[in-house]
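The lines below spell out each chain.
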Amino acid sequence: MAVKTVSTEIIDEILQTLGLKKFSRPYAAMIDPGDFGTVATYIPLFPDEYKKLPPNLQAHVYLVAPGQYGLICFLPRTFESPDGGKPTEVSTTHDVWGKMVRVAYKTDRGGEFETEHSIRRDRLLLYAKKKKLPISNSVKISS
């Protein structure tokens, strides 16, 4: 899944369409429920604001959660672990149908964590591939 941040020009166009001078609301963050790492930072949009936007501008808005919309403003450049360490090894677990059900990692600071958010999992696996980290794969057979 490719996630793109929204450019300043698009934000200005959205503000103009909504008749706002600026977004007078705080930024929000999407947090991975597994290791509490930052997935992305976004500007929240109210459902009625989303509905007012034409389709070409709606295409820049993400459905953050059911009924919650946002404009992604920041994505971490690389995978960041909660303890500030660098991942040293990654393990994945798949179900019998090949769906990834668990991604865990260890850091050089001794931390052991799991990720649950798909964007963060993808970023971790990409980081592991680039850094040529060992990735162990297993299959979970449920009874």
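For the structure, check the block above.
Report follows, based on the coordinates. Just so it is clear, the model here is predicted, and its values are computed rather than measured. (Residues numbered from 1 in each chain as written. Predicted model: local features only at pLDDT ≥ 70, side-chain atom pairs only at ≥ 80, totals over all residues. Heavy atoms only, no water.)

1. Observations regarding the pattern of salt bridges
For the structure on display, the rule yields 4 salt bridges. Between Asp35 and Arg120 there is a salt bridge whose closest N-O contact spans 2.8 Å. In this pair, Asp35 sits in the loop between strand S1 (28-31) and strand S2 (38-45) while Arg120 sits in helix H4 (residues 118-130), placing the two residues 85 residues apart along the sequence. As far as the burial class goes, Asp35 and Arg120 line up, both buried. As a salt-bridge pair, Glu114 and Arg102 come within 3.1 Å of each other at their nearest N and O atoms. In this pair, Glu114 sits in strand S7 (residues 112-115) while Arg102 sits in strand S6 (residues 100-107), placing the two residues 12 residues apart along the sequence. (Salt bridge = Lys/Arg side-chain N within 4 Å of Asp/Glu carboxyl O. Helix = DSSP H or I, 4+ residues; strand = E, 2+ residues; numbered from the N terminus. Buried < 20%, exposed > 50% of the residue type's maximum accessible area, 1.4 Å probe, protein only.)

2. Things to note about a nonpolar patch on the surface
On the surface, a cluster of nonpolar side chains totalling about 520 Å² of accessible area is made up of Val96, Trp97, Val139 and Ile141. Relative to the assigned elements, Ile141 resides in the segment after strand S8 (135-140). By relative accessible area, which is 68% here, Ile141 ends up exposed. (Patch = residues over 30% accessible without salt bridge, like charges linked within 9 Å, V, L, I, M, F, W, Y side chains within 5 Å. Areas by Shrake-Rupley, 256 points an atom, 1.4 Å probe, with all protein chains shown as cover.)

3. Describing the packing of aromatic side chains
Inspection of the entire model under this criterion finds 3 aromatic pairs. Ring centres of Phe79 and Tyr105 lie 5.1 Å apart, and the angle between their planes is 90°; this geometry places the pair in the edge-to-face category. In this pair, Phe79 is assigned in the loop between strand S4 (68-74) and strand S5 (87-95) and Tyr105 in strand S6, connecting sequence segments 26 residues apart. Classification of Tyr105 by relative accessible area gives buried; the value is 2%. Taken together, a centroid distance of 5.5 Å and an interplanar angle of 35° make the contact between Tyr105 and Phe113 tilted. Joined through ring pairs, the aromatic side chains of Phe79, Tyr105 and Phe113 make up one cluster. (Phe/Tyr/Trp six-rings, centres within 6.5 Å; stacked < 30°, edge-to-face > 60°.)

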